[in-house]
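Notes for the structure review
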Amino acid sequence: MKVWDMHCDTLAELRYAQQAGKPKSFLHNDLMMDLERMKQGDYLLQCMACFVHLEPEREKSPLLACLEEIDIFYRLLEQYPDDLMQVCTAADIQTLLTSGKRGMMLTVEEGGACLDSLGALRDLYRLGVRMMTLTWNFKNGLAEPNIVPGTDDMWPRPANTTGGLTEKGLEFVEEMQRLHMLVDVSHLSDAGIWDILRVAKRPFVASHSNARACCPHVRNLTDEMLTAMGEKGCLIGLNYCASFLDTNPDRSQVRSRITDMARHARYIMDKAGEDCLALGSDFDGIDGDLEIAGAQDMPKLAEGLKKEGIPERVVEKIFYGNAVRFFSENL
């Protein structure tokens, strides 16, 4: 079954390896995502996120880090032209469907990479970026997140219901919608998500988030958010991270299992509708006890969801059908 995955952090891992003087091949490596694994998983398209860390001791410049990951993205396309193609438009999607290649879409995880510059945002769009989270886990000039690095990841913990979008963040949302660059609310505070639901004129995404009622982690979406996003025609990518799936109160023992993924999937579709759910693995951004441990395991996930009672027709929509339709309508 074809796969369209809305989020992975492989570009960042490739960059870190390059900086350490131990570059990794994208043909085959020890990460969760490479070309061989994509073929084994029957991938149609992978959204490749430029993940940016805002701590100064980690990065000299967030924008430079983003640009270096974009450079890696384009070098992969140049290195494997017979296997990979870039997707930026609805027309590209139609070409992809008959090409036999694997699609790659450039995205950004951390709006702070733009340094509050609308010009930088437009330049990222010109470079091919088609989706961006407004935050990662740091407060920036655009908005606040629900989680701050270094704090206890235990749940339940209070969500950020007061720190929403700044005036600059609202400007960014307006410009992203004008450009048809998709606004991604994963990692954003509860207040920020409600701000976007209030002002957005176009559908948006939560590229890698689950249902908070099924696991009370603040990175997950509340019932009210799921319902509102469904009504707005948004798209939600099911995240494979154990911390967002498993309800084991001992957070050192959480596991990522297909049974829990199916539980979240059914719940999200019950609240938002079956047209609203897609995949957002977070490969190369997650670790731990994972039943789906890499791109090669996607056939196992498809069979597992069907065994859990989700009809094959619906599994196909989750795996690629909803994403093909949504991105075709909104790019």
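In this report, we go over the structure that sits alongside the text.

About the cut-offs
- Residues numbered from 1 in each chain as written.
- Predicted model: local features only at pLDDT ≥ 70, side-chain atom pairs only at ≥ 80, totals over all residues.
- Heavy atoms only, no water.
- Helix = DSSP H or I, 4+ residues; strand = E, 2+ residues; numbered from the N terminus.
- Rg over C-alpha atoms; globule rule 2.2 N^0.38 Å.
- Buried < 20%, exposed > 50% of the residue type's maximum accessible area, 1.4 Å probe, protein only.
- Areas by Shrake-Rupley, 256 points an atom, 1.4 Å probe, with all protein chains shown as cover.
- Lys, Arg positive; Asp, Glu negative; His and termini not counted.
- Charge placed at Lys NZ, Arg CZ, Asp CG, Glu CD.
- Expected span 1.5 Å × (residues − 1).
- 1 Å grid on protein atoms, 1.4 Å probe; cavity = no way out; pocket = protein on both sides within 12 Å on 5 of 7 lines; lining within 4 Å.
- Points joined across faces, edges and corners; volume = space filled by probe spheres on them.
- Nonpolar A, V, L, I, M, F, W, Y, C, P; charged D, E, K, R; others polar.
- Polar contact = N/O pair within 3.5 Å; in protein donor to acceptor, adjacent residues only side chain to side chain.
- Pairing = 2+ DSSP bridges.
- Right-handed = clockwise from strand over helix to strand, strands pointing away.

Regarding its fold elements, the protein chain presents 11 helices and 11 strands. Against the compact-globule benchmark of 20 Å for 331 residues, the protein chain has a radius of gyration of 18 Å, which places it among compact chains. In terms of overall dimensions, the protein chain has C-alpha extents of about 45 × 45 × 40 Å along its principal axes. The buried share of the protein chain, taken over its 331 residues, is 59%. Accessible surface, the protein chain as shown: approximately 12,700 Å² in total, 49% of it carbon and sulfur. Positive and negative side-chain charges in the protein chain, numbering 36 and 51 respectively, have mean positions lying 2 Å apart.

With that settled, the discussion passes to helix α9 (residues 258-272). Here α9 spans 20 Å end to end across 15 residues, near enough to the 21 Å set by a 1.5 Å rise per residue. Within α9, burial applies to Ile258, Asp260, Met261, Ala262, His264, Ala265, Ile268, Met269 and Ala272. One or two steps after α9, the chain reaches Gly273, where phi turns positive at roughly 100°.

Glancing now at the layout of surface pockets. Of the pockets and cavities examined, the second largest pocket occupies roughly 170 Å³. If you list the elements that add at least two residues to the lining of the second largest pocket, you get α1 (10-19) and α3 (62-79). Tallying contributions element by element places α3 first for the lining of the second largest pocket, with four residues. Along the lines of polarity and charge, the residues of the lining of the second largest pocket split into six nonpolar, three polar and two charged.

Below, the discussion takes up the side chain of Asn137. With respect to the element layout, Asn137 can be found in the loop between β5 (129-133) and α6 (167-179). What makes Asn137 buried here is its relative accessible area of 10%. Polar side-chain contacts of Asn137 include one of 2.8 Å to the side chain of His187.

On to the environment of Asn140, then. Examined against the element boundaries, Asn140 turns out to sit in the loop between β5 and α6. Since its relative accessible area comes to 11%, Asn140 is described here as buried. Residues Asn140 and Arg178, 38 residues apart in the sequence, show an inter-C-alpha distance of 22 Å. At 2.9 Å, the side chain of Asn140 forms a polar contact with the backbone oxygen of Leu134.

What follows deals with the pairing of β5. Most of β5 is tucked away, with five of its five residues classed as buried. Of the strand pairs in this sheet, strand β4 (residues 102-109) and β5 are connected by three bridges, and their pairing is parallel. Bridging from a neighbouring strand, Val108 pairs with Met132 of β5. Handedness of the crossover joining β4 and β5 through helix α5 (residues 118-126): right-handed. Direction of pairing for β5 relative to strand β6 (residues 182-184): parallel, over a ladder of three bridges. Each bridged residue has a counterpart across the sheet, and for Met131 the counterpart in β6 is Leu182.

Read these as spatial facts, not as claims about activity.
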